[in-house]
Amino acid sequence: MAYAVNDECVLYIAEVEDTNEVEDEDRVKDGNVVGNIHEQCVCSGCRKEVRSSDHAMLCAICQQWMHRQCGSGVSSEKYQRFRESKLKETNFLWCCPDCSTITLYEDDNTSREINLAEEVTSKYDASFTVDLPIENAAVVQDTSIRDELIPSTLSQDVPLTWEIIPTGTRRGKPRLHNSHGYTYTIRKETDFATYWWCSIRQKSNRCFATVIQHGKDFKQGANCHNHLGDPGALATTKVTVAAKERCKANPLISAASVVEEELMSFKETHINAHQLPNPANIVRTANRIRQASRPQHPQALDFSLVTETIPVGFLKKDIKIYDKLDGDARHLIFATDSQLRLLKDAKVWYIDGTFKVVRRPFTQLLSIHAFLRSGDHFKQVPPNVRLNDR
């Protein structure tokens, strides 16, 4: 025989038992629910109303309420112990005397009586005895996610290194770098020591960090930096210095190509370099060096050409015209031998003259163009360039 107990009986017991502090207005009126009292809260023994302050229980079989003192079989001490304990949320099932004993007929025409109160209580009412210990819920541990093991040996700190770039500043003076990305310039030199201070000396954010140098030994001062270091400062200084030296030695070379070559060379020698400078800034610095290293721009037509700055064979003719009426004139013709050969083989010449790209004493740049053909492809090239003063 199987018997299913309705779980709602536990809820009704809790509602009635938890209403000790409810006022007298919380009771049943005309079969309706008032306050915390169920619509069927009438004692099955005395047929009186079950109030929230009464000692009453709900039968798990017939779903009828009964006062404790109306023949429920529960003593006052047992009922009070259950109410005063902290087990109000546990399942307590109770059967009234009318439903506690039933007659079960077997297949062989025999009958036997079963006490449902004892059977249900023995199965569900273990928590009603407050003397029994409460079993704690087992703690579920998630073993799928594990913390990383801390290594037994920690990596050692990398020592602080120093390096001096002789012409590292904009004015070509020494600059001191350390491996943390901080830079210093010379503040004072004596026979025994060199005093460096941080290169960040803006009025709004001046850094007072210093370094004292004795030979090859460097010692930091008492003041700390008030800013973060730049990991790419050493790379910027080295690439800039190398590009400036090459552009100063050869002003006609392209600054962009020089900077690109120096960056590639720095990456090859510094494999662990994780931050490189912005090439555009270094190209601007290199162009200023090229401009300062080039000869001064002529102010009149009677200037002398510096042939060392002109590629070999590129100047084809320097024509000087002396005219008392119209004034003197000068024309410079530039072209390579290969350009002249292309111009000779071309059937059509295209001549273009512009006035905006030249400076005084010249007034016009005249160029002769021709088209080259390779299969179905055409390309226009300027085989001849000429500077005119009029």
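Residues numbered from 1 in each chain as written. Predicted model: local features only at pLDDT ≥ 70, side-chain atom pairs only at ≥ 80, totals over all residues. Heavy atoms only, no water.

A. Region of the structure containing the state of the cysteines. Under the definition given, this model contains zero disulfides. Summary of cysteine pairing: C62 is not part of a disulfide, and the nearest cysteine sulfur, belonging to C59, is at 3.6 Å. Among the residues examined, C62 registers a relative accessible area of 30% and is labelled partly exposed. (Disulfide = S-S within 2.5 Å. Buried < 20%, exposed > 50% of the residue type's maximum accessible area, 1.4 Å probe, protein only.)

B. Geometry of the pairing of strand 7 (residues 183-189). Pairing geometry for strand 6 (residues 175-178) and strand 7, over three bridges, is antiparallel. In the strand pairing of strand 7, H177 is matched with T183. Between strand 6 and strand 7, which follow one another and run antiparallel, lie four residues, and G181 among them has a positive phi close to 95 degrees. (Pairing = 2+ DSSP bridges. Helix = DSSP H or I, 4+ residues; strand = E, 2+ residues; numbered from the N terminus.)

C. Quick peek at the packing of helix 5 (residues 233-249) against helix 6 (residues 255-269). Relative orientation of the contacting elements helix 5 and helix 6 amounts to 135 degrees, with a least axis distance of 9 Å. For the element pair helix 5 / helix 6, the angle class is oblique. The interaxial crossing formed by helix 5 with helix 6 has right-handed handedness. The segment helix 5 lies against helix 6, with A235, K238, V239, A242, A243, R246 and C247 engaging A255, V258, V259, E261, E262, L263 and F266. Among the residues forming the contact of helix 5 with helix 6, the class breakdown is ten nonpolar, no polar and four charged. (Axes fitted to C-alpha atoms, helices over the stretch in contact; angles between N-to-C directions. Parallel < 35°, antiparallel > 145°, perpendicular 65-115°, else oblique. Left-handed = near helix turned anticlockwise from the far one by under 90°. Contact = heavy atoms within 4.5 Å. Nonpolar A, V, L, I, M, F, W, Y, C, P; charged D, E, K, R; others polar.)

D. Molecular detail of the nonpolar core. By size, the foremost hydrophobic cluster in this structure holds 15 residues, and its most contacted members are V50, C59, W65, W94 and C96. Listed by contribution, the elements that provide at least two residues to this core are strand 1 (56-58) and strand 2 (65-67). Excluding anything up to four places from it in sequence, C59 contacts Q64, W94, C95, C96 and C99. Among the nonpolar cores identified, the runner-up in size contains twelve residues, and V259, L263, F266 and A286 belong to it. (Core = buried A, V, L, I, M, F, W, Y, C linked by side-chain atoms within 4.5 Å.)

E. Region of the structure containing helix 7 (residues 279-293). Along its 15 residues, helix 7 runs 21 Å from first to last C-alpha, staying within 8% of the 21 Å computed at 1.5 Å per residue. Those residues of helix 7 lying buried are I282, V283, A286 and R290. Seen from one end, helix 7 has its buried residues packed into an arc of 100 degrees, which puts them on one side. Among the exposed residues of helix 7, those oriented more than 90 degrees off its buried face are R288, Q291 and A292. Buried-residue contacts for helix 7 involve helix 5 and helix 6. (Expected span 1.5 Å × (residues − 1). Arc of directions from axis to C-beta.)

F. Just the pattern of salt bridges, in detail. Taken as a whole and assessed by the stated rule, the structure comprises six salt bridges. The salt bridge involving E163 is made with K238; its shortest N-O contact spans 2.9 Å. Of this pair, E163 sits in strand 5 (residues 162-165) while K238 sits in helix 5, placing them 75 residues apart in sequence. A relative accessible area of 24% means that K238 is categorised as partly exposed. Two residues, E262 and R246, come together in a salt bridge whose shortest N-O distance is 3.3 Å. With E262 in helix 6 and R246 in helix 5, the pair connects residues that are 16 residues apart, well separated along the chain. (Salt bridge = Lys/Arg side-chain N within 4 Å of Asp/Glu carboxyl O.)

G. Main features of the packing of aromatic side chains. Counting across every chain of the model gives five aromatic pairs. Centroid distance F303 to F362: 6.1 Å. Interplanar angle 75 degrees. Geometry classified as edge-to-face. Separated by 59 residues along the polypeptide, F303 in the loop between helix 7 and strand 11 (315-321) and F362 in the loop between strand 13 (350-354) and strand 14 (364-374) bring together distant segments of the chain. Across the pair, exposure class does not vary: F303 and F362 are buried alike. For the pair Y350 and F371, a centre-to-centre distance of 5.1 Å together with 85 degrees between the ring planes defines the contact as edge-to-face. In this pair, Y350 sits in strand 13 while F371 sits in strand 14, placing the two residues 21 residues apart along the sequence. A residue is classified by how much of its surface remains accessible, and Y350, at 37% relative accessible area, is partly exposed. (Phe/Tyr/Trp six-rings, centres within 6.5 Å; stacked < 30°, edge-to-face > 60°.)

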